[in-house]
Amino acid sequence: MSLPLSHIKVLDLTRVRSGPTCVRQLADWGADCIKIEAPDEVDTGKGMGGARNGPDYQHVHRNKRGITLNLKKPEGLAVFQRLVAQADVVVENYRPDVKARLGIDYESLAKINPRIILGSISGFGQDGPYARRPGFDQIAQGMGGLMSVTGEPGRGPMRVGIPVADLTSGMFCAIGILIALIDRQKTGQGRWVHTSLLEAMVAMMDFQATRWTMAHEVPQQAGNDHPTTVPTGLFHTANGVINLAAGGDEMWRRIVETLGLEEETKAPELATEKARSANRAKVNATLQAKLLGDTAQNWIERLNKAGVPTGPVYSMNQVFADTQVRHLNLSFPVQHPKLGELHLVRTPIQMPGVRNPRNPTPDRGQHTDEVLAEFGFSAEEIATLRAEKAL
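Counting starts from 1 at the beginning of each chain's written sequence and moves along it residue by residue. It should be noted that, the model being predicted, local features are given only for residues of pLDDT at least 70 and side-chain atom pairs only at 80 or more, the latter also being counted only at that level, while totals for whole chains, interfaces and linings use all residues. Values reported for side chains reflect all heavy atoms of the structure, with hydrogen atoms and water molecules removed beforehand.

## So, the sheet that holds strand 3 (residues 64-68)
Paired strands, as defined in this entry, are two strands with at least two bridges between them according to DSSP. Runs of E in the DSSP output that reach at least two residues are strands. Runs of H or I that reach at least four are helices, and both are numbered from the N terminus. Taking strand neighbours across the sheet as the criterion, the six strands line up as 3-2-1-4-5-6 in an open arrangement whose pairing is parallel. The sheet is open, and its two edges are formed by strand 3 and strand 6 (192-196), each paired on a single side. Neighbour to neighbour, the strand axes of the sheet diverge by 20° on average, direction disregarded. Alignment of strand 1 (residues 9-12) against strand 4 (residues 89-92), held across three bridges, turns out to be parallel. Note on strand 4: the bridge partner recorded for V10 is V89. Should any heavy atoms of two residues lie within 4.5 Å, those residues are considered in contact. Here the axes come from fitting lines to C-alpha atoms, over the contacting stretch only for helices, and the angles between their N-to-C directions go from 0 to 180 degrees. With respect to the sheet, helix 1 (residues 18-27) is in contact with strand 1, strand 2 (32-37), strand 3, strand 4 and strand 5 (117-122), its orientation differing from that of strand 3 by roughly 130°. Lying over the sheet, helix 8 (residues 164-187) contacts strand 4, strand 5 and strand 6, oriented at roughly 160° with respect to strand 5.

Pasting the structure below:
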């Protein structure tokens with residue numbers, strides 16, 4: 001089967017998480033993604049993406065081929081330039097000043113191949129007062145506002161439990177690359193696509209950010225409650241907690257009928273949506289008192305049957321034991337030559353008729369000879385490059 005992106009060649013210079021996440025979006029749909037690493041003896045960033053055979057590394061670098069290349073040597077840079085001449089996309093997440101120093105900035109690449117698309121991810125943007133700062137996910141979570149609205153009121157800022165700035169900047173960059181590829185079909189020209197952890201994090205603040213830009217309202221921490229919709233949050237039952245998310249008068253009517261709260265909710269503080277928003281504590285206490293009278297599973301079934309969004313709160317082992325998660329096949333097996341069968345998390349995008357590739361993360365330089373031969377290098381050239389420590 002010809003995969004949707006099988007005609008696209010990607011040179012992957014990324015490391016850690018944001019850049020590899022970007023490239024993985026392309027690799028999962030069949031792009032020929034060539035992961036370029038420095039030779040083992042000169043790799044100063046070794047270990048930054050986690051242990052090579054660990055979950056992090058195996059997750060973000062799957063479905064790629066791997067070569068080694070020493071870009072700090074003129075011979076290595078010359079090899080890279082020959083690859084660029086035949087490639088469609090280059091992706092990197094170096095600090096902005098590093099590109100120019102290595103000679104892999106967009107202007108340099110476009111002189112070699114005017115159709116090339118360069119995808120760049122940085123911590124804070126390609127220019128400006130913070131451009132050369134080192135950027136990491138947690139710093140962007142703090143500077144983008146996410147930590148200020150996460151956690152319980154009065155308990156101080158709290159990071160989110162996933163590297164959300166890394167992940168979203170990678171996905172935004174991948175979207176930008178796909179847009180540039182479509183644009184290239186019309187113009188014949190490549191483009192430089194770039195984003196940053198900070199830009200992605202501010203964008204992900206979404207309506208919370210717009211509450212400030214439109215109304216100059218500074219959103220606060222709301223814990224497990226929704227910042228604007230009442231009732232939404234965690235509630236205890238006879239044997240555990242449930243998530244309940246409901247807003248508006250119609251949803252409130254369904255809750256009242258299902259829980260049998262007709263008398264309790266005649267109070268003026270609960271009579272209208274506006275009143276309930278102003279009296280969240282009373283709303284929650286009224287629901288909480290009733291929900292303690294039955295089990296989590298029974299309430300989840302009854303409320304969902306009534307059309308009220310309700311669900312459990314899972315640990316990761318419970319997530320993958322859930323019948324719907326199992327039905328969706330959200331994990332898939334990969335055969336690794338050293339680790340045996342691994343189960344990785346699939347892309348959440350489904351496209352009927354397309355089976356995503358299932359290739360393990362390559363070892364360092366596993367495909368060097370194979371890839372260079374495909375790009376026109378002779379066996380003698382490859383041997384010479386290896387002797388010169390360019391590979």
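Having seen the model, we can carry on.
## Re the side chain of S18
Topologically, S18 is positioned in helix 1. A polar side-chain atom of S18 sits 3.5 Å from a polar atom in the side chain of N93. The contact partners of S18, leaving out residues within four places of it in the chain, are N93, I121, D166, S169, G170 and L197. We define a polar contact as two N or O atoms separated by no more than 3.5 Å, with the added condition that, inside protein, one atom must be a possible hydrogen donor and the other a possible acceptor, whereas residues neighbouring each other in sequence contribute only through side-chain atom pairs.

## Some details on the environment of V149
Position of V149 relative to the elements: it lies in helix 7 (residues 146-149). Excluding anything up to four places from it in sequence, V149 contacts M205, Q208, P219, Q220, Q221 and A222.

## Section: the packing of helix 1 against helix 8
Taken N-terminus to C-terminus, the directions of helix 1 and helix 8 make an angle of 45°; their axes are 7 Å apart at the nearest point. In terms of orientation, helix 1 and helix 8 fall into the oblique class. Handedness of the crossing formed by helix 1 with helix 8: right-handed. Note on element contacts: helix 8 touches helix 1 through D166, L167, S169, G170, M171, C173, A174, I177 and L178, opposite S18, T21, C22, Q25 and L26. Amino acids are sorted into nonpolar (Ala, Val, Leu, Ile, Met, Phe, Trp, Tyr, Cys and Pro), charged (Asp, Glu, Lys and Arg) and polar (every other residue, Gly among them). The residue makeup of the contact of helix 1 with helix 8, split by class, is eight nonpolar, five polar and one charged. Here is the rule for angles: anything less than 35 degrees is roughly parallel, anything more than 145 is roughly antiparallel, 65 through 115 is roughly perpendicular, and the remaining ranges are oblique. Should the near helix be turned counterclockwise from the far one by less than a right angle, the crossing is left-handed, whereas a clockwise turn marks it as right-handed.

## Concerning the side chain of R184
Within the fold, R184 resides in helix 8. Partly exposed residues are those whose accessible area sits between 20% and 50% of the maximum for their type, while under 20% is buried and over 50% is exposed, using a 1.4 Å probe and protein chains only. For R184, a relative accessible area of 7% gives the class buried. Of the polar contacts made by the side chain of R184, one reaches the side chain of D88; its length is 2.8 Å. Not counting chain neighbours up to four residues away, the residues in contact with R184 comprise I8, D88, R115, I117, Q189 and G190.

## Comments concerning the pairing of strand 10 (residues 331-336)
Burial along strand 10 is one-sided: the residues F332, V334 and H336 are buried and none of S331, P333 and Q335 is. The pairing of strand 10 with strand 11 (residues 340-345) spans six bridges and is antiparallel. The partner of V334 across the bridge, within strand 11, is L342.

## Brief notes about the pattern of salt bridges
Note on definitions: salt bridges are taken to be side-chain nitrogens of Lys or Arg within 4 Å of carboxyl oxygens of Asp or Glu. Evaluated as defined, the whole model comprises 28 salt bridges. Here R364 ties to D40 by a salt bridge, and the two come within 3.5 Å at their closest N and O atoms. With R364 in the loop between strand 11 and helix 17 (368-374) and D40 in the loop between strand 2 and helix 2 (55-60), the pair connects residues that are 324 residues apart, well separated along the chain. Looking at R364, the relative accessible area reads 21%, which means it is partly exposed. Its relative accessible area of 41% is what places D40 among the partly exposed residues.

## Comments concerning the packing of aromatic side chains
Only rings of Phe, Tyr and Trp enter the pairing, Trp through its six-membered ring, and a pair is recorded when the two centres are within 6.5 Å. The plane angle decides the type: under 30 degrees is stacked, over 60 is edge-to-face, the rest tilted. Overall, the coordinates contain one aromatic pair when judged by the stated rule. A ring pair is formed by F124 and Y130, whose centres lie 6.0 Å apart and whose planes are at 80°; its orientation type is edge-to-face. Accessibility expressed as a relative area gives 34% for Y130, which makes it partly exposed. Placement of a positive charge over a ring is assigned whenever Lys NZ or Arg CZ falls within 6 Å of the ring centre and within 35 degrees of the normal to the ring plane. Its guanidinium or amino end placed over the ring of F377, R82 lies 3.7 Å from that ring's centre, counting from NZ or CZ. The ring centre of Y130 lies 3.8 Å from the NZ or CZ of R133, which sits over that ring.

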